[in-house]
Amino acid sequence: MNQDTIQGHWKQLSGQIKQHWGKLTDDDLKVAEGNAEYLSGKLQERYGIARGEAEKQVKAFEKTLRH
């Protein structure tokens, strides 16, 4: 799924994202609005993980959406 598709379906995807990463708030997701870079940054902040790991998790999540 490409970035434009993610942004277009953000409201539907935000529920799945909250299930996957429960520490993210509604405000986090509202501000992110499909921005994978912002989402990675919030994962770093909320979960105390390295940037590379956060980006890896976001990419892995995006791959699950393709199926």
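As a convention, each chain's residues are numbered from 1 in the sequence order in which they are written. Confidence filtering applies because this is a predicted model: local features only for residues at pLDDT of at least 70, side-chain atom pairs given and counted only at 80 or more, and all residues used for totals across whole chains, interfaces and linings. Side-chain measures here rest on the full set of heavy atoms in the structure, leaving out hydrogens and waters.

**Notes on unusual backbone geometry**
Glycine aside, the phi torsion of most residues is negative, and most peptide linkages are trans.
Here's step 1: Its identity is not glycine, yet Glu33 carries a phi of approximately 40 degrees, on the positive side.
Here's step 2: Counting through the fold element by element, Glu33 comes out in the loop between helix H3 (26–32) and helix H4 (36–47).
Here's step 3: Residue classification places Glu33 among the partly exposed positions, given a relative accessible area of 43%. Numbering of helices and strands runs from the N terminus; a helix is a DSSP stretch of H or I covering at least four residues, while a strand is a stretch of E covering at least two. Each residue gets one of three labels from its accessible area relative to the maximum for its type: buried under 20%, exposed over 50%, partly exposed in between, using a 1.4 Å probe on protein chains only.

**So, the packing of H4 against helix H5 (residues 51–65)**
Here's step 1: Only the stretch in contact is used when a helix axis is fitted, and all axes are lines through C-alpha atoms; the angle between N-to-C directions ranges over 0 to 180 degrees. Two elements in contact, H4 and H5, have axes separated by 8 Å at closest approach and are oriented at 125 degrees. In this view, H4 runs oblique relative to H5, as classed from their interaxial angle. By crossing handedness, the relation of H4 to H5 is classed as right-handed. Contacts between H4 and H5 involve Ala36, Glu37, Leu39, Ser40, Leu43 and Gln44 from the first element and Arg51, Ala54, Glu55, Gln57, Val58 and Glu62 from the second.
Here's step 2: The nonpolar class holds Ala, Val, Leu, Ile, Met, Phe, Trp, Tyr, Cys and Pro. Asp, Glu, Lys and Arg form the charged class, and all remaining residues, Gly among them, are polar. In terms of residue class, the contact of H4 with H5 is made up of 5 nonpolar, 3 polar and 4 charged. Orientation is classified from the angle alone, with under 35 degrees giving roughly parallel, over 145 giving roughly antiparallel, 65 to 115 giving roughly perpendicular, and any other angle giving oblique. If you view the pair so one helix is near and one far, a crossing is left-handed when the near helix is turned anticlockwise from the far one by less than a right angle, and right-handed when it is turned clockwise. Note on contacts: a residue pair qualifies if any of its non-hydrogen atoms lie within 4.5 Å across the two residues.

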